[in-house]
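Residue-level listing of the chains:
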Amino acid sequence: MEAANLTVAATGVSLPLGSEAGSFSPSPGGVIGSTPGGAALPGREPPFSVFTVLVVTLLVLLIAATFLWNLLVLVTILRVRAFHRVPHNLVASTAVSDVLVAALVMPLSLVSELSAGRRWLLGRSLCHVWISFDVLCCTASIWNVAAIALDRYWTITRHLQYTLRTRRRASALMIALTWALSALIALAPLLFGWGEAYDPRRQRCQVSQEPSYAVFSTCGAFYLPLGVVLFVYWKIYKAAKFRFGRRRGAVLPLPAKVQVKEAPHEAEMVFTARRPVVAFQMSGDSWREQKEKRAAVMVGILIGVFVLCWIPFFLAELISPLCACSLPPIWKSIFLWLGYSNSFFNPLIYTAFNKNYNNAFKSLFSRQR
């Protein structure tokens, strides 16, 4: 996913981070300077505005938080034996892709954003490596979200047929397909000569702008999984509405002389990450129904955040090569980093709706103390 140029304007002072900055020009010595009238002064560097420093600080914090939070999820899954099963292997696969986004993709994207004229100064080979990891990790993260949504859908609608053994096979197959498809999309330009990522004349490093590859990559990396998750959530919504509506409507009239006694609440066995706990349900919903409601809400929030984060970027990525037009650099950067932020929100969402993770986190930190 192409890292776009970040151009920031402050009162009376501009920070040119792209070639489009018309009021700045390189000096003979290679140092950029400015005057109030826009002329370049050799030996003077443009001052950084307060807004620019705040934006860069925010992006650095986003990178660090994304890396540390996903790493914490991975460490928790590895250390807690109860998590060595589905659906936690799907969560682990998502965390791996998001950790790689934070460790390999976002830092180099930030370096590219901050370079004058958004030039790529690290060579052609590293450009290809960076672009390949960018497409690979972001695509894998997106497809992992779709895999989690599919797993929750089958758990809710087919909990009798979707046994633990079937779930293991399905999750392993989805993980393998996710990474295989992501690798195909990422390596297609290198394997089949489908466009070029590095432009030595302009010192520009970006995803191949070949129109046919743009259609292939955006459909395979976003629009297809988007269709999957929207269809899945629609089916989950219909199934939940039908089930709970049927349960509320299942009231039969009784004879007047029949004494109605309230049925006792049955105990439900709830397993946490450390030990089994017996909990008595005091509401009208069974433990399974409450679990299904939480799963439906989690999937809905996960899909909603996923769509809001990625759809602006992929709309621009699909339209720009086809119409030979381009968005302003500032909007490209906003869309790009909004998409990257999805790797930060993913672990927050699927751990917030699982009490086992909260207990495991507390146990992990208490042991370290």
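**Q** How do you make sense of the packing of aromatic side chains when you look at a structure like this?
**A** Describing an aromatic ring pair means giving the distance of the ring centres and the angle of the ring planes. Per the stated rule, a full pass over the model turns up 18 aromatic pairs. Counting every residue linked through ring pairs, the aromatic cluster contains F222, Y223, F306, W310, F313 and F314.

**Q** Could you clarify how one ought to interpret helix α3 (residues 124–157) in this entry?
**A** At 3.6 residues per turn, the α-helix brings residues three or four places apart onto the same side. Relative to the 50 Å expected for 34 residues at 1.5 Å per residue, α3 spans 50 Å between its end C-alpha atoms, a close match to the ideal helical length. Most of α3 sits out of view: 26 of its 34 residues are buried.

**Q** Could you clarify how one ought to interpret the state of the cysteines in this entry?
**A** In this structure the tally under the stated criterion is 1 disulfide. Between the sulfur atoms of C127 and its disulfide partner C205 the distance amounts to 2.0 Å. With the S-S dihedral at roughly 100 degrees, the linkage between C127 and C205 falls on the right-handed side. Of this pair, C127 sits in helix α3 while C205 sits in strand β6 (residues 204–205), and the two are 78 residues apart along the sequence. Judged on exposure class, the residue C127 and its partner C205 are both buried.

**Q** Mind showing me how you'd approach the packing of helix α2 (residues 88–114) against helix α4 (residues 164–192) here?
**A** When two helices pack together, their arrangement is given by the angle between the helix axes and the distance between those axes. Running from N to C, α2 and α4 point in directions that differ by 20 degrees, and their axes come no closer than 9 Å. As far as their axial angle goes, α4 and α2 are roughly parallel. Where α2 crosses over α4, the two elements pack in a sense that is right-handed. Residues N89, L90, S93, V96, S97 and L100 of α2 form the contact with α4, whose participating residues are S171, M174, I175 and W179.

**Q** I tried to follow the pattern of salt bridges on my own but got confused; where do I start?
**A** Close approach of charged atoms allows side chains with opposite charge to pair. Taken as a whole, this structure holds 3 salt bridges when the rule is applied. For E196, the salt bridge goes to R124, with nearest N and O atoms at 3.3 Å. Note that E196 is positioned in the loop between α4 and β5 (198–199) and R124 in helix α3, a separation of 72 residues in sequence. Residue E196 is classed as partly exposed on the basis of its relative accessible area of 38%. Look at R124 and you get partly exposed, because its relative accessible area is 46%. Notably, a salt bridge pairs D151 with R167, separated by 2.9 Å at the nearest N-O pair. Taken as a pair, D151 in helix α3 and R167 in helix α4 lie far apart in primary sequence, 16 residues in all.

**Q** Could you clarify how one ought to interpret the nonpolar core in this entry?
**A** Soluble globular proteins tend to pack their nonpolar side chains together in the buried interior. In this structure, V73, M106, I131, F306, W310, W337 and Y340 are the most contacted members of the largest nonpolar core, which totals 77 residues. In terms of residue count, α3 provides more of this core than any other element does, 16 residues in total. Excluding residues that lie within four positions of it along the chain, M106 makes contacts with L62, I63, T66, V101, W337 and Y340.

**Q** Explain unusual backbone geometry to me, please; I cannot follow it from the model alone.
**A** In this structure, Q203 takes a positive phi of about 55 degrees despite not being glycine. Within the secondary structure layout, Q203 lies in the loop between β5 and β6.

**Q** Can you walk me through helix α1 (residues 50–79) in this structure?
**A** Between the first and last C-alpha of α1 there are 43 Å, a value that for 30 residues agrees with the 44 Å anticipated at 1.5 Å per step. All of the buried residues in α1 are T52, V55, L59, L62, I63, T66, N70, L72, V73, L74, T76 and I77.

**Q** It is not clear to me how the packing of α1 against helix α8 (residues 342–352) should be interpreted in this structure. Could you clarify?
**A** It is the contact of α1 with α8, at a shortest axis distance of 8 Å, that shows an interaxial angle of 40 degrees. Considered as vectors, α1 and α8 are oriented oblique to each other. As for the relative orientation of α1 and α8, their crossing is left-handed in sense. Across the interface between the two elements, L62, A65, T66, W69, N70 and V73 from α1 touch S343, F344, P347, L348, Y350 and T351 from α8. In the contact of α1 with α8, the residues fall into 8 nonpolar, 4 polar and no charged.

**Q** Please explain the side chain of S97 as it appears in this structure.
**A** Tracing the backbone through its elements, the reader meets S97 in helix α2. Its relative accessible area of 0% is what places S97 among the buried residues. Looking at S97, its side chain comes within polar contact range of the main-chain oxygen of T94, at 2.7 Å. Setting aside residues up to four positions removed in sequence, S97 forms contacts with C137, A140, S141, N144 and W179.

What counts, and at which threshold
Residues numbered from 1 in each chain as written. Predicted model: local features only at pLDDT ≥ 70, side-chain atom pairs only at ≥ 80, totals over all residues. Heavy atoms only, no water. Phe/Tyr/Trp six-rings, centres within 6.5 Å; stacked < 30°, edge-to-face > 60°. Helix = DSSP H or I, 4+ residues; strand = E, 2+ residues; numbered from the N terminus. Expected span 1.5 Å × (residues − 1). Buried < 20%, exposed > 50% of the residue type's maximum accessible area, 1.4 Å probe, protein only. Disulfide = S-S within 2.5 Å. Axes fitted to C-alpha atoms, helices over the stretch in contact; angles between N-to-C directions. Parallel < 35°, antiparallel > 145°, perpendicular 65-115°, else oblique. Left-handed = near helix turned anticlockwise from the far one by under 90°. Contact = heavy atoms within 4.5 Å. Salt bridge = Lys/Arg side-chain N within 4 Å of Asp/Glu carboxyl O. Core = buried A, V, L, I, M, F, W, Y, C linked by side-chain atoms within 4.5 Å. Nonpolar A, V, L, I, M, F, W, Y, C, P; charged D, E, K, R; others polar. Polar contact = N/O pair within 3.5 Å; in protein donor to acceptor, adjacent residues only side chain to side chain.

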